[in-house]
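Residue strings, one per chain:
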Amino acid sequence: MNEDKQVFPYLSFDHRYSFASGVIRGLETKLIDQQKVNKLIITRDIEHFMGELSDSIYRPYIDKFEKSMDFEDLLFDVYADLINELVLISPNKDIKNFFYLFFDTYNIKMALKHIYYHKAYDERLFSFGSIPEEALKGESIALELIPKRYHIIFEKFKSIQDKKDGEIYINDLVDNFYYNSIYEDISKSGSKYLLNLHRHNMELINANTLLRKKLFNFKKMELLEHGFTSVGELIKLSEKSFEEIIKYFMQNGYENLFDMRIKDHYQLLTAFLIKKYIFIKDIYSMSNYITMGIEVLIVYFFKKRQEMSMLRKIFLAKLRHMDAQGISRLL
């Protein structure tokens, strides 16, 4: 892997984050480890799952779940407390805008789908972020209540509002905005570690997009900017064969993410996605070598988001009476 793609976590040392970094190191010890994940997977049912989960940092939230039986309530409460705590301990209070990006763009995506289908969308909105709920929940968007940074999404939505398969266009529109905004915010932080973490993620998401398009013959392909390969080069690469696309990424630092002993293309892509997850997780773990800095807070947020996404998947799988083997494949 060339030097431009290397991640140097040890270059960061910002004394302003000494207290915040100490708090985060304590919180990281309470993240759910793989042994606990395995126990959650093999639980007999929802009751057993919640019992096992109560033996963790989530215990204070279990009582509320038992009253409402709504797992989304539990996760929303965890997210709200997470953001409040991270902003409270951060010397840079603008960090909340970085965290809010995730919740705001999710809410915007759901609101646009509501408008597209001319009916209420099933997904719930986050009750926190920088956009008030009343701005998105009415028959029309109250743009005057929405921060200007998001206005471009609604402007672009006008051009796809009448398109067929509008939901796909909405997903692509909002996701592109989200990832581009993360790139801009991280660039302002001056952290090469965070920048390269993001660029690796974009590069591998684009690799997955190219391979899926080739495998399933999708007509539409949405590529993300700010990976290590330009969108123009990726478009040219999309004309090549499945094997040639893999060869390109293997020659550019990702040789360990493809098991070429697997001949079935679908199984090869599945194995790649698992290794992609591990690759990014390994970059997350490099933040352990950062003594103090904004990186510690941001990576903890990513880790916590990953953890809660996993818990939600296990919970929903239990509702569907999926067996442990099936849940492991899902994760």
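1. Examining the packing of helix α6 (residues 95-117) against helix α14 (residues 294-319)
Next up, step 1: The contact between α6 and α14 brings their axes to 11 Å, and the two run at 20°. Judged by the inter-axis angle, α6 sits roughly parallel to α14. Where α6 crosses over α14, the two elements pack in a sense that is right-handed. Taking contact as the criterion, the partners of Ile95, Phe98, Phe99, Phe102 and Phe103 in α6 are, on α14, Ile294, Leu297, Ile298, Phe301, Phe302 and Arg305.
Next up, step 2: For the contact of α6 with α14, a count of residues per class yields 10 nonpolar, no polar and one charged.

2. What about the packing of aromatic side chains?
Next up, step 1: For the structure shown, the criterion picks out 27 aromatic pairs.
Next up, step 2: Ring centres of Phe103 and Phe128 lie 4.9 Å apart, and the angle between their planes is 70°; on these two criteria the pair is classed as edge-to-face. A residue pair is termed long-range when its members are at least 10 positions apart, and Phe103 in helix α6 and Phe128 in the loop between α6 and α7 (134-137) qualify at 25 residues.
Next up, step 3: A relative accessible area of 0% places Phe103 in the buried class.

3. So, the side chain of His198
Next up, step 1: Turning to its location among the elements, His198 is positioned in helix α10 (residues 192-216).
Next up, step 2: When its relative accessible area of 6% is taken as the criterion, His198 is described as buried.
Next up, step 3: When residues no more than four places from it in sequence are discounted, the contact partners of His198 are Tyr179, Ile182, Tyr183 and Ile186.

What counts, and where the lines are drawn
Residues numbered from 1 in each chain as written. Predicted model: local features only at pLDDT ≥ 70, side-chain atom pairs only at ≥ 80, totals over all residues. Heavy atoms only, no water. Axes fitted to C-alpha atoms, helices over the stretch in contact; angles between N-to-C directions. Helix = DSSP H or I, 4+ residues; strand = E, 2+ residues; numbered from the N terminus. Parallel < 35°, antiparallel > 145°, perpendicular 65-115°, else oblique. Left-handed = near helix turned anticlockwise from the far one by under 90°. Contact = heavy atoms within 4.5 Å. Nonpolar A, V, L, I, M, F, W, Y, C, P; charged D, E, K, R; others polar. Phe/Tyr/Trp six-rings, centres within 6.5 Å; stacked < 30°, edge-to-face > 60°. Buried < 20%, exposed > 50% of the residue type's maximum accessible area, 1.4 Å probe, protein only.

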